[in-house]
Amino acid sequence: MTLLLKGGRVVDPSLNRDEVADLLIKNGKIVKLGKDLYKANKAAPDIEVLDLRGKIVVPGLIDIHTHLREPGFEYKETIASGSEAALAGGFTSIACMPNTNPVNDNRSVTEFIRRKTTECGLVNVYPIAAISVKSEGTFLTEFLDLKDAGAVGFSDDGKPVMNAALMRRALEYASSLDMPIIAHCEDKNLSAGGVMHEGFVAAELGLSAIPSVAEEIMVARDLLLAEFTSAPLHIAHVSTAGSVRMIREAKARGIRVTAETAPHYFTLTDEALRGFDTNLKVYPPLRSREDRASVREGLSDGTLDVIASDHAPHARTDKEVEFDYAASGLTGLETSLSLSLGLVADGALTLLSLIEKMTVNPAGVLRLPKGGLAIGADADVTVIDPDREWICDRALFRSRGRNSPFHGWTMKGKAILTIVGGTVRYRDF
Amino acid sequence: MKLNRKDVLGIRELSVEEIRLILDTAESFLEVSTREIKKVPTLRGRTVVNLFYEPSTRTRTSFEIAGKRLSADTINISASTSSVVKGETLIDTAKNLEAMNPDIIVIRHSAAGAPHLLAGLLRQSIINAGDGAHEHPTQALLDMMTIRSKKGRIEGLQVAIIGDIAHSRVARSNILGLTKMGARVSVAGPATMIPRGIEKMGVIAHTRIEEAIRDADIVMMLRIQTERERQSIFPSLREYAQYFSLNRRNIELAKPDALVMHPGPINRGVEISPDIADGPRSIILDQVTNGVAVRMALLYLLTGGDT
């Protein structure tokens, strides 16, 4: 099977390329990238030629922060439905967080996820295993065994590791395996009971609030621990100005830290909560305008390396309740790319740097052999139509989760072709 | 004039004209409660459901009496929030009620936004009788009615609200209403009870009661919720009573004709000393009387009543 992607604008940060070119894919691998490959290859048997003039061809997008809910919460999402959502959003590789039931804290759960992924045969799913048994923050999980089973990183995402000594040990142990610790930064005592950002809007709505320092205190602690242990640290879902500032300073001092934010943090603010829409309930919470501006700045200046969706699907029953009782999180896989393209439209990022944050950078965080279009690489490719206008309709989501605050939004730019291992898995043109 | 809205969810949504309409209508209903036969046929055949997810004596009784004096059929449902979390959802409960065709649903709930959730789903009128620490619009309306009748106006008055502003829906609704009507509002309480950003609601925040009540026309005391908050928000009731209660000494800082209000139920000797609560400045029981009239007015206006 040969596939020729003809005439698209190829944007690959790993090769530092941004040019109109043809891309030749054969037997699941990138074979050639160059000008006018059509004439030399048009006679090849079983070749499919796709004319992609005006479209953008990028390495398959990677989302290193998703919740696929299987095993345990299949009514919210499954590995299959989450993979379908990933494809529709342009993602060829996703990493899934361990807060399933049972928690992915041992080899059997990691192997289960890998087996399901193979059975689905849709996208690459990389399991992130728990730092502590049941993510309870008491005992370390078996990092070596989990790595051998296929885990690519460790996180108790959804919960912080409150015990600093345990976090230190986790960083040291993971570092010896060249594995990142992914930190969910939240001081549970400061955030206790909170359902939204602490600020003027919370003061008006009378909702219990989470101060930005609940995140920042843990960012500060984990940066100190990363410096002390020289271990690689990745900070998940950065949402506050203070976090961005501390990560920027830490990087300048040479600490091995990477960081991600999610589209909702550079798109929305706490002002959106005035209607009590539970689809806007998310942890960390939507912050102030100043925080949003800082997150965008952090993306622009490279402080924030990665855009990850924190895709958190929930069923209607989890969300159609009082705000205080609603589950937190929002679906992101099918809106992440379009919202991120907004950063390019606004001039906050160049297209090349945006794609960097959705391909080679996330691959680097988890040491995945993905994220570029070099000759011989796995043919994971995403094609984007930058001009496609579409209206976000949650009824059309492939995810089981319908909990998107972006329902009804007019979006510009969309993945129209998602190729995994040389096979077209999603096509919308 | 008619009140052109389906629901009353908060003071935030009400215009100055709407607030005036409600207060004027309430005043006209005051007289009904003084008759020997305290009943008018205005809402005969109408059904009002009081759906209370939080314990309440005053507000629930007030709504019930208001409905009955207008000849509506009133039904009280008390549900504990905990059993609702485990069992039927609020939406299911509400849809079941809707299927029985009441005209108005009055809801009190511990979760902010619960009445808004119902308002978006049900065709009935929803009245917010208090949602979490968010709003308590009928309380603010009865407070404004009381102030207006005692002082002849709201505009230009200096009002001090003292206590746990952060957790008080009464404070929020009153701040919104009083500033809308042209009063100047100061709040005071321990720093842990003053929410961040409260100044943006147009009030001046203090951490000493004396600063807020100086030259006040109205001093509104809030109930200290002794049950849940005392562990972490303030050191002790003893200290609170000593430094933040309204008493014979500090009331002298207010204007000579200053009046004292409290939404009840009061903790005697904690946020207010008994001689003040029972003294000549106290209009606490006028608030209760006016509460019935305000609720009659809302039931009347929301069922299409005209003035």
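Note that residues are indexed from 1 along each chain, following the sequence as it is written. Here every chain gets a letter starting at A, and every ligand a number starting at 1, in the order they are written. Reporting of local features is limited, given that this is a predicted model, to residues whose pLDDT is at least 70; pairs of side-chain atoms are given and counted only at 80 or more, and all residues count toward the totals for whole chains, interfaces and linings. Excluded from the side-chain calculations are hydrogens and water; all other atoms, namely the structure's heavy atoms, are used.

### With respect to the overall build of chain B
Line of reasoning, step 1. Elements are defined by DSSP. Helices are runs of H or I of four residues or more, strands are runs of E of two residues or more, and each kind is numbered from the N terminus. When you go through chain B residue by residue, the secondary structure sums to twelve helices and nine strands.
Line of reasoning, step 2. At 19 Å, chain B has a C-alpha radius of gyration in line with the 19 Å of a compact globule built from 307 residues.
Line of reasoning, step 3. Summarising its shape, the C-alpha atoms of chain B cover approximately 55 × 45 × 35 Å along the three principal directions.
Line of reasoning, step 4. Counting over 307 residues, chain B shows a buried share of 60%.
Line of reasoning, step 5. By definition, residues are in contact when any of their heavy atoms lie within 4.5 Å. Counted over contacts in chain B with a minimum sequence separation of 6, partners at least 24 positions apart contribute 74%.
Line of reasoning, step 6. Split by element, the accessible area of chain B, about 12500 Å² in all, is 50% carbon and sulfur.
Line of reasoning, step 7. Within chain B, the 35 negative side-chain charges are centred at a point lying 1 Å from the centre of the 40 positive side-chain charges. For the radius of gyration, the atoms used are the C-alpha atoms, and the globule rule reads 2.2 Å times the number of residues raised to 0.38. Relative accessibility thresholds used throughout: buried, under 20% of the residue-type maximum; exposed, over 50%; partly exposed, between the two (1.4 Å probe, protein chains only). Working definition of accessibility: Shrake-Rupley area with a 1.4 Å probe, residue cover restricted to the visible protein chains. This count recognises Lys and Arg as positive and Asp and Glu as negative, with His and chain-terminal groups excluded. Every charge is mapped onto a representative atom, which is NZ of Lys, CZ of Arg, CG of Asp or CD of Glu.

### Things to note about the interface of chain A and chain B
Line of reasoning, step 1. The interface of chain A with chain B comprises 17 residues on the first partner and 21 residues on the second.
Line of reasoning, step 2. In short, buried area is how much 1.4 Å probe accessible area vanishes from two parts on joining, totalled over both. The contact between chain A and chain B buries some 1500 Å² in all, and 63% of this surface belongs to carbon and sulfur atoms.
Line of reasoning, step 3. Within this document, salt bridges are pairs made up of a side-chain nitrogen of Lys or Arg and a carboxyl oxygen of Asp or Glu, the two lying within 4 Å of each other. One can count two salt bridges joining chain A with chain B.
Line of reasoning, step 4. Glu198 of chain A is the salt-bridge partner of Arg196 of chain B, the closest N and O atoms lying 4.0 Å from each other.
Line of reasoning, step 5. Here a polar contact is recorded for every N or O atom pair within 3.5 Å, except that within protein the pair must consist of a potential hydrogen donor and a potential acceptor, and residues adjacent in sequence are included only if both atoms are side-chain atoms. Our count for the contact surface shared by chain A and chain B stands at four residue pairs in polar contact (both at pLDDT 80 or more).
Line of reasoning, step 6. Each residue is assigned to one of three groups, with Ala, Val, Leu, Ile, Met, Phe, Trp, Tyr, Cys and Pro labelled nonpolar, Asp, Glu, Lys and Arg labelled charged, and all others, Gly among them, labelled polar. When grouped by side-chain class, the residues that make up the side of chain A that touches chain B number nine nonpolar, two polar and six charged.

### Some points on the domain arrangement of chain A
Residues and elements named next belong to chain A.
Line of reasoning, step 1. The assigned domain composition of chain A is domain 1 (2-57 + 377-427) and domain 2 (60-366).
Line of reasoning, step 2. Contact with domain 1, which involves 38 residues of that partner, is made by 46 residues of domain 2.
Line of reasoning, step 3. Approximately 3100 Å² of surface area, both sides summed, lies buried where domain 1 meets domain 2, with 65% of it carried by carbon and sulfur atoms.
Line of reasoning, step 4. Where domain 1 meets domain 2, there are one salt bridge. Either an automatic procedure or a domain database provided the assignment from which the domain bounds are taken.

### With respect to the sheet that holds strand E9 (residues 181-183) of chain A
Residue and element names in this part refer to chain A.
Line of reasoning, step 1. Across the sheet, four strands lie side by side as E9-E12-E13-E14; this open sheet has parallel pairing. At either end of the open sheet lies a strand with only one pairing partner, and these are E9 and strand E14 (306-307).
Line of reasoning, step 2. Two strands are counted as paired when DSSP detects at least two bridges linking them. The sheet contact formed by strand E12 (residues 233-235) and strand E13 (residues 257-261) spans three bridges and is parallel. Bridged to Leu233 within E13 is Val257.

### Quick look at the pairing of strand E2 (residues 73-78) of chain B
Residue and element names in this part refer to chain B.
Line of reasoning, step 1. Pairing of strand E1 (residues 47-52) with E2 involves six bridges; the strand directions are parallel. Following the sheet pairing, Val48 is matched in E2 by Thr74.
Line of reasoning, step 2. Handedness of the β-α-β unit built from E1, helix H2 (residues 58-69) and E2 comes out right-handed. Looking down the strands as they point away from you, a crossover is right-handed if its path from the first strand over the helix to the second goes clockwise.

### Some points on the pattern of salt bridges
All names here are of chain A.
Line of reasoning, step 1. This structure, assessed with the given rule, holds 46 salt bridges over all chains.
Line of reasoning, step 2. For the salt bridge of Lys76 with Asp318, the shortest nitrogen-to-oxygen distance reads 2.8 Å. Of this pair, Lys76 sits in the loop between strand E6 (61-66) and helix H2 (79-88) while Asp318 sits in helix H12 (residues 316-319), and the two are 242 residues apart along the sequence.
Line of reasoning, step 3. We classify Asp318 as buried; its relative accessible area is 14%.
Line of reasoning, step 4. Note that Asp385 is salt-bridged to Arg388, the shortest N-O span being 4.0 Å.

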